[in-house]
Amino acid sequence: LKVGIKALARMHAVSFLYFAKNSHPAPLSNTWFTDPDQRSEAKAILEQQLEKVAQALVQEGKSTDEVNRVKSFKNIMFNLYQDAESTNSLLPVLCHGLPTLSNIQFKYGADGLPMDARFINLSSCLYGSGLADLHIFINTSGENVAREDFLLRFLYYETFASILRSYGEKVAFSYDDLKAEFVKKRLYGYIRSSIILSQKVKTSGIKTTSQTVPTPQMSSPRPVESKILGKFLPQAKTTAVAKFSAKIETDRGNDGYNAATKICEMMQKALKI
């Protein structure tokens, strides 16, 4: 997650610099929100996508009241998306659009730990707010044990700022400004991320079983000499990386059960906003 956040910040920073000095190509804009003739179609598509989320909640045994409350988001979704994805943002950048684990490629060091990453499959790229990407990546990348402020300030914002400084530019907004806009887009983040994950859910009316994914074989750890413990092989890092790698492979598969569970968690948070 941390390596991915930095990769996202770098991608956003480079396009931010480019668009600050050049006009963006019209084909990169989302015409859903600029073409009045597409408004009805956009609303219909968003409603269909939300229905898929509602089906996942039903599959997980959520109450009719909770499902109906989630369905009521259809009344605000168009405006919510329009505001969240607008380039009227602190971060008008080239957004990936689908920054999930399925669309990221990691580079591993000799110790088997991820040391760098890049996003692939750029067919969903659009000119919009980079914070929309950030919400999606954080929400769809499995269990997030890091504090949100740490991810935003020390990984995303600092990486973004360092790229700008390397080109002789300064960041015109503070971290607090970035955090305020991120919080404002939180409801969008939960709904959009749930819609993306809902594509993995098999809505059969019963809970699906998670797909068994073999744990990737990791390179053997180097022996460590300790005056107290003697010579031994460290296991913690290898195990952690293996679990994370398994999560990536699971995400690239079709782990509908985990996706449905995550959707439920996000919708419960969304209903409290």
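Parameters at a glance
- Residues numbered from 1 in each chain as written.
- Predicted model: local features only at pLDDT ≥ 70, side-chain atom pairs only at ≥ 80, totals over all residues.
- Heavy atoms only, no water.
- Salt bridge = Lys/Arg side-chain N within 4 Å of Asp/Glu carboxyl O.
- Helix = DSSP H or I, 4+ residues; strand = E, 2+ residues; numbered from the N terminus.
- Buried < 20%, exposed > 50% of the residue type's maximum accessible area, 1.4 Å probe, protein only.
- Phe/Tyr/Trp six-rings, centres within 6.5 Å; stacked < 30°, edge-to-face > 60°.
- Lys NZ or Arg CZ within 6 Å of the ring centre and 35° of its normal.

A.B. asks: Describe in detail the pattern of salt bridges, supporting the description with residues and values.
C.D. replies: One pass over the structure, following the stated rule, counts 9 salt bridges. For the salt bridge of Lys179 with Glu148, the shortest nitrogen-to-oxygen distance reads 3.9 Å. Residue Lys179 is found in helix H7 (residues 175-184), and its partner Glu148 is found in helix H6 (residues 148-166); the two are separated by 31 residues along the sequence. Judged by relative accessible area, which is 19%, Lys179 ranks as buried. Between Arg186 and Glu148 there is a salt bridge whose closest N-O contact spans 2.8 Å. Remark: Glu148 occurs in helix H6 and Arg186 occurs in helix H8 (residues 186-198); sequence separation between them is 38 residues.

A.B. asks: Residues and numbers for the packing of aromatic side chains, please.
C.D. replies: Within this structure, the stated rule accounts for 13 aromatic pairs. Note on Phe150 and Phe154: the rings are 6.0 Å apart at their centroids and 40 degrees apart in plane angle, and the pair reads as tilted. Of the two residues, Phe150 and Phe154 both sit in helix H6, 4 residues apart, roughly one turn of that helix. The class of Phe150 is partly exposed, set by a relative accessible area of 31%. Taking the ring centre of Phe78 as reference, the NZ or CZ of Lys43 above it sits at 5.8 Å. In this structure, Arg153 is placed above the aromatic ring of Phe154, and the distance from its NZ or CZ to the ring centre is 6.0 Å.

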